[in-house]
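Chain by chain, the residues:
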Amino acid sequence: MKKIRALLISALFLVSALILSGCSSEARESFFAMNTFMNFTVCGETPEAALEKTRETVTELEGLWSVTDSGSDIYRINHSAGQPVTIDERTAALISFALDMAEKTEGTLNPAIYPVLKAWGFTTGENRIPSPEELSALLPLTDYEQVQLSGCMVTLPEGMMLDFGAVAKGYTGDILTEQLKADGVSSALLDIGGNIQAVGTRPDGECWRIGLRDPFSDGILGTLQISDLAVVTSGNYERYFIGEDGNNYGHIIDPESGYPADNGLMSVTIIGKSGAYCDALSTALFVMGYDRAVRYWSEARDFEMIIVCADGSVALTEGAEKLFISEGEYEITVLK
Ligand code: ADP
Ligand code: MG
């Protein structure tokens, strides 16, 4: 009996030691890449090595997808003068995904919006208000259906340009998540310029807690408790300029008009399994506006969302409500 007890105790000790050593350390890194701040936390037995690899991958992807770096796939596509360009298979997959999402969202996500974005000066920071004539001349150059992708070969009519600012960070999050999991990491939190990607839970088994930014202040609206999920927010409250006419112009463009989306929304947050999907949808649903976004969700039902309206009210889906702890006083509508 004594012997059995001793065995049991040592077995228990072994189990708890394993659990402890399994998540004994944590490595963190913050850096600037893809035009934004990244903040990674990786937990595990050897988190430094896995973290180092994620950083290397980010550098690699940035080298492929930068719009300004003359060696990147996207730069070469945008300067191809109508000629076919051979690209990396990861770029081909990104383009294919973005075109598919453009189709699904009826062009509210438009990876070919770059010529219009440029006219507004969002690509250089030298913002200006283009004339209606200038915009209507540019809109035909944003027809994403004219992008031809065949394997790793892409052809664009002259004058057209691609930009993956609305999906690349989310797409990167998915690639990093997959890589971390393949490296045996079961607990990590990636903040890719505000796109959050949670790998597993915290090392203690609790959910990761994410603050949801209040677009009206520097504070938060509440916290989301998540595991194995991505949380992506789009809004015009962070990146915008004030025009000579005194109006605010945000960086998310309504591809139909060529003007910044301005339809009574402050922010759209999408929660789901894939960072790329959430990123694409956060931009698209922000362009759609309230009614259309709610309709889109009730048909798709494969993601959760939180919409903050310009009047200060908040609408969230039933699934999002389960993850959300509100911290403010505002009117909440639960979408069912
Ligand atoms: P953020 O990059 O601020 O996280 P988004 O994911 O919504 O926000 O992406 C916005 C970026 O996407 C813009 O800065 C621009 O590069 C690009 N963009 C703007 N409007 C659109 C659109 N309708 N479709 C696709 N990309 C867009
Ligand atoms: Mg987006």
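So, how was this worked out
Residues numbered from 1 in each chain as written. Chains lettered and ligands numbered in written order. Predicted model: local features only at pLDDT ≥ 70, side-chain atom pairs only at ≥ 80, totals over all residues. Heavy atoms only, no water. Helix = DSSP H or I, 4+ residues; strand = E, 2+ residues; numbered from the N terminus. Contact = heavy atoms within 4.5 Å. Expected span 1.5 Å × (residues − 1). Buried < 20%, exposed > 50% of the residue type's maximum accessible area, 1.4 Å probe, protein only. Polar contact = N/O pair within 3.5 Å; in protein donor to acceptor, adjacent residues only side chain to side chain. Pairing = 2+ DSSP bridges. Salt bridge = Lys/Arg side-chain N within 4 Å of Asp/Glu carboxyl O.

1. Overview of the environment of Gly211
- Within the fold, Gly211 resides in strand E8 (residues 208-213).
- Note: C-alpha distance between Gly211 and Glu327 (116 residues apart in sequence) is 10.0 Å.
- Those residues in contact with Gly211 that sit more than four places away from it in its chain are Ile220, Gly222 and Thr223.

2. A word on helix H8 (residues 275-288)
- End to end, H8 covers 20 Å across 14 residues, agreeing with the expected 20 Å (1.5 Å per residue, within 8%).
- Within H8, 14 of the 14 residues are buried, which leaves it mostly tucked inside the rest of the structure.
- The backbone nitrogen of Ala276 lies 3.3 Å from a side-chain oxygen of the residue at the head of H8, namely Ser274.
- Residue Gly289 follows H8 closely and has a positive phi angle near 85°.

3. Points about the sheet that holds strand E4 (residues 148-150)
- Strands sit in the order E3-E5-E4 across an open sheet of three strands; the sheet is antiparallel. Lying at the two open borders of the sheet, with one neighbouring strand each, are strand E3 (85-86) and E4.

4. Examining the pattern of salt bridges
- Evaluation of the coordinates by the stated rule reveals twelve salt bridges.
- The residue Arg55 makes a salt bridge to Glu29 at a minimum N-O spacing of 2.5 Å. Within this pair, whereas Arg55 is found in helix H2 (residues 47-65), its partner Glu29 is found in strand E1 (residues 25-33), the two being separated by 26 residues in sequence.
- In this structure, Arg202 engages Asp204 in a salt bridge whose closest nitrogen and oxygen atoms are separated by 2.8 Å.
- Residue Arg202 is classed as partly exposed on the basis of its relative accessible area of 27%.
- A relative accessible area of 52% means that Asp204 is categorised as exposed.
- By sharing partners, the salt bridges in this structure join Glu60, Asp88 and Arg90 into a single network.

In short, the description is geometric, and any link to function would need to be established separately.
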